[in-house]
Amino acid sequence: MPEERSYSFSKEEHLCRKKLIDELFAQGSSFGLYPLRLVWRPAETHAATPPQVLVSVSKRSFKRAVDRNYLKRLMREAYRLNKHRLTEAAGGHGVGLLAIIYTGKEKKPFALVEKKLISGLERLLTDATPHGAQASAV
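Criteria and thresholds
One numbering rule holds for all chains: residues counted from 1, following each sequence as written. Since the coordinates come from a predicted model, pLDDT governs what is reported: local features require at least 70, and pairs of side-chain atoms require 80 or more to be given and counted, while whole-chain, interface and lining totals use all residues. Note that water and hydrogens are dropped before the side-chain values are worked out from all heavy atoms of the structure. Each residue carries a pLDDT score, the predictor's own confidence in it, on a scale running from 0 to 100. The criterion used for residue contact is that any of the two residues' heavy atoms lie within 4.5 Å. What is meant by a nonpolar core is a set of buried Ala, Val, Leu, Ile, Met, Phe, Trp, Tyr and Cys residues, joined one to another through side-chain atoms within 4.5 Å. Only protein chains enter the calculation, and the probe is 1.4 Å; a residue is then buried if its accessible area is under 20% of its type maximum, exposed if over 50%, and partly exposed in between. Each helix is a run of DSSP H or I of at least 4 residues and each strand a run of E of at least 2, with the numbering of both proceeding from the N terminus. A carboxyl oxygen of Asp or Glu within 4 Å of a side-chain nitrogen of Lys or Arg is what we treat as a salt bridge. Strands are treated as partners if at least two bridges between them are detected by DSSP. To define axes, lines are fitted to C-alpha atoms, for helices over the stretch in contact only, and angles between the resulting N-to-C directions are given on a 0 to 180 degree scale.

S.K.: Mind showing me how you'd approach the confidence of the model for the chain here?
M.R.: Interpretation of the predicted coordinates at a detailed level should be avoided for regions scoring low in pLDDT. In this model, the chain carries an average pLDDT of 89, and 91% of its residues clear a pLDDT of 70 or more. The low-confidence segment residues 131-138, where pLDDT is below 50, has two contacts with residues more than four positions distant or belonging to other chains.

S.K.: I keep staring at the nonpolar core and nothing clicks. Help me out?
M.R.: Where a protein is soluble and globular, its nonpolar side chains tend to be buried together. In terms of nonpolar packing, the biggest core is built from 27 residues, with Leu36, Met75, Tyr79, Leu98, Ile100, Tyr102 and Leu124 touching the most fellow members. Broken down by secondary-structure element, the contributors of at least two residues to this core are β1 (29-33), β2 (36-47), β3 (52-57), α2 (65-82), β4 (93-102) and α4 (110-127). Counting residues in each nonpolar core, the second largest holds nine residues, with Leu15, Leu97, Ala99 and Ile101 among its members.

S.K.: Any chance you could explain the pattern of salt bridges here in plain terms?
M.R.: Opposite charge on two side chains allows them to pair when their charged atoms are near. Summed over the entire model, instances satisfying the criterion amount to ten salt bridges. As a salt-bridge pair, Glu23 and Arg41 come within 2.6 Å of each other at their nearest N and O atoms. Of the two residues, Glu23 sits in helix α1 (residues 18-27) while Arg41 sits in strand β2, which places them 18 residues apart along the sequence. With a relative accessible area of 24%, Glu23 lands in the partly exposed category. Here Asp127 ties to Arg123 by a salt bridge, and the two come within 3.6 Å at their closest N and O atoms. Of this pair, Asp127 and Arg123 both sit in helix α4, four residues apart, which is roughly one turn of the helix. Given a relative accessible area of 36%, Asp127 falls into the partly exposed group. Judged by relative accessible area, which is 37%, Arg123 ranks as partly exposed.

S.K.: Explain the sheet that holds β3 here, please?
M.R.: Strand pairing in a sheet relies on backbone hydrogen bonds, with the paired strands running either antiparallel or parallel. With mixed pairing, four strands are arranged side by side in an open sheet as β1-β2-β4-β3. What marks the edges here is a single partner per strand, and that holds for β1 and β3. Between one strand axis and the next, the sheet turns by 25° as a mean value, whatever way the strands run. Relative to β4, β3 runs parallel, the two sharing six bridges. By the bridge assignment for β4, Ser56 is matched with Ile101. Those strands touched by α2 are β2, β3 and β4, and its axis lies near 150° from that of β3.

Now the structure itself:
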């Protein structure tokens, strides 16, 4: 019987340390998939463990905390349900730190946020894979 997939988003997976966050934004790579922007930093080794994740919504775009919290909850839920795309990738993944930032100016439905996050995770798998591992897969 196949192993059960974990859909948790535990405290260990949350990116909280200021030093790591500063490092991520100073040295990380990023790309945008409107209304999201993903900033990531490679891990030292490929692993099947999930990366540490930061979820953020701009106070400038959403003045009310209720709206910011709603969008953060949407993004966390979309990530929680789809992180298996990273953790179950053949040969592991190369993402150590990940920030998911909501850059849109208005609230979008969950389906759209999830769709964009899924395509972002798929792109991360190709971007974070070293060229040597990619050549062997082709």
